[in-house]
Amino acid sequence: MPLNEPVFQLEGLTVRAGNKMLLHDVSCDIQQGKMLCILGESGAGKSTLLKAVQGFLPATCRRLVFTPSGTNITGVVPMRPGLPQTRWVMQDPLAALNPRQSLGASIQESLHRGDITDHEGKSAVFAALEEVELGAEFYNRLPGQVSLGQAQRACLARALIARPKLIFFDEPLSALDALVQKKIARQMDVLRRKTQTAYVVVTHDLGFAAAYADKILVLRQGLVEAYQSCADFFAAPASPYAENLIHAARSLGTLNHMDDVA
């Protein structure tokens, strides 16, 4: 695949609920190993976008291309349990994990392969735990026996173990305290660069976007307010609303809070 060719490309996505328009004519793309951050106020359609492109909500589009799986859709987006070769990391890790299942078992389930032995599966899990800076002792721990930050690291390991080409993140840091946010944000970035996985990240956090995003998509009431490179967005935002988001983040002192991560 050419370096600049998008692994994921979306043109003209529209989502309706009855007579209400939830998203209208949304387009974006992302290249291998790059990160797209989706910004906007609550109710703007950010999570709706993630659900629609994976077939969890009825939607239409002019075109949806996911190169690794050969997906090429025009018109109605088929309802299906997620795009092949993708994974999803949710906002609340404890809601995403089975409370009665060990972290190791949850991570191993994500391999979805019948051609490996149990020993090979466990070895892969131990390697995945090490990647997210959790020790082998976490294999047998239940979600209720670890911190929120450790649970989110386990969810990241579960997403990465099958080496997907694209990971969708829905507010992955919002349930965590500031210090843990910084550490996991840095770990997400390190692993993205190492594995060359594309990330699409829904977030309210402009500091995270400024530190790690390659592209920015801003939604407001289901419409695209801005779609720019990260550098262009923060230098010359494409709409007054986008400019106000940046101004508010600067006023609150949150724009640079991802700096100097230990």
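Residues numbered from 1 in each chain as written. Predicted model: local features only at pLDDT ≥ 70, side-chain atom pairs only at ≥ 80, totals over all residues. Heavy atoms only, no water.

Caption draft 1: How the structure looks around the overall build of the protein. Counting secondary structure elements, the protein contains nine helices and 10 strands. When its C-alpha atoms are laid out on the principal axes, the protein stretches across 55 × 45 × 40 Å. Looking at the protein residue by residue over its 262 residues, the buried ones come to 50%. Once local pairs closer than 6 in sequence are excluded, the contacts in the protein between residues at least 24 apart make up 66%. Entry remark: accessible area of the protein is about 12,200 Å², with carbon and sulfur atoms responsible for 50%. Each charge class in the protein was averaged separately, 26 positive and 25 negative side chains, and the resulting centres sit 3 Å apart. (Helix = DSSP H or I, 4+ residues; strand = E, 2+ residues; numbered from the N terminus. Buried < 20%, exposed > 50% of the residue type's maximum accessible area, 1.4 Å probe, protein only. Contact = heavy atoms within 4.5 Å. Areas by Shrake-Rupley, 256 points an atom, 1.4 Å probe, with all protein chains shown as cover. Lys, Arg positive; Asp, Glu negative; His and termini not counted. Charge placed at Lys NZ, Arg CZ, Asp CG, Glu CD.)

Caption draft 2: Fine view of empty space enclosed by the protein. Considering all chains together, one arrives at two cavities of 30 Å³ or more under this definition. Taken together, Val89, Gln152, Leu156, Phe169, Pro172, Leu173, Ile184 and Met188 make up the lining of the largest cavity. When residues of the lining of the largest cavity are traced back to their parent elements, those giving at least two are helix H5 (148–160) and helix H6 (178–195). Across the lining of the largest cavity, the residue classes tally to seven nonpolar, one polar and no charged. The computed volume of the second largest cavity comes to approximately 30 Å³. Lining the second largest cavity are Phe8, Cys28, Leu36, Ile38, Leu49, Leu50, Val53, Phe168 and Val200. When residues of the lining of the second largest cavity are assigned to their parent elements, the largest contribution, three residues, is made by helix H1 (residues 46–53). (1 Å grid on protein atoms, 1.4 Å probe; cavity = no way out; pocket = protein on both sides within 12 Å on 5 of 7 lines; lining within 4 Å. Points joined across faces, edges and corners; volume = space filled by probe spheres on them. Nonpolar A, V, L, I, M, F, W, Y, C, P; charged D, E, K, R; others polar.)

Caption draft 3: Structural view of H6. Spanning 18 residues, H6 covers 26 Å between terminal C-alpha atoms, matching the ideal 26 Å at 1.5 Å per step. Those residues of H6 that fall on the buried side of the exposure criterion are Gln181, Ile184, Ala185, Gln187, Met188, Asp189, Leu191 and Arg192. Buried residues belonging to H6 abut strand E3 (35–39), helix H4 (118–131), H5, strand E7 (166–170), strand E8 (198–202) and helix H7 (206–212). Sitting at the amino-terminal end of H6 is Asp177, which places a side-chain oxygen 3.2 Å from the backbone nitrogen of Leu179. Of the residues one or two after H6, Gln196 is the one with positive phi, at around 55°. (Expected span 1.5 Å × (residues − 1). Polar contact = N/O pair within 3.5 Å; in protein donor to acceptor, adjacent residues only side chain to side chain.)

Caption draft 4: Seen up close, the pairing of strand E1 (residues 6–17). Of the strand pairs in this sheet, E1 and strand E2 (residues 20–31) are connected by eight bridges, and their pairing is antiparallel. Across the sheet, the residue bridging to Leu13 is Val26, located in E2. Counted between consecutive antiparallel strands, the loop separating E1 from E2 contains two residues, among which Gly18 sits at a positive phi close to 65°. Where E1 and strand E4 (residues 59–66) come together, five bridges link them in antiparallel fashion. Note on E4: the bridge partner recorded for Thr14 is Thr60. (Pairing = 2+ DSSP bridges.)

Caption draft 5: How the structure looks around the packing of H5 against H6. Packing of H5 against H6 leaves a shortest axis separation of 11 Å and a crossing angle of 15°. Taken together, the axes of H5 and H6 are roughly parallel relative to one another. With respect to the hand of their crossing, H5 and H6 are arranged in right-handed fashion. Within the contact between the two elements, H5 uses Gly149, Gln152, Arg153, Leu156 and Leu160 and H6 uses Val180, Lys183, Ile184, Gln187, Met188, Leu191 and Thr195. Each residue belonging to the contact of H5 with H6 can be placed in one class, and the counts come to six nonpolar, four polar and two charged. (Axes fitted to C-alpha atoms, helices over the stretch in contact; angles between N-to-C directions. Parallel < 35°, antiparallel > 145°, perpendicular 65-115°, else oblique. Left-handed = near helix turned anticlockwise from the far one by under 90°.)

Caption draft 6: Molecular detail of the sheet that holds E4. Pairing is antiparallel across the open sheet formed by four strands, whose spatial order is E2-E1-E4-E5. Looking at which strands have only one partner, the edges of the open sheet turn out to be E2 and strand E5 (71–77). The average undirected angle you get between the axes of adjacent strands in this sheet is 5°. Of the strands in this sheet, E1, E2, E4 and E5 touch H1, which is tilted by about 110° from E1.

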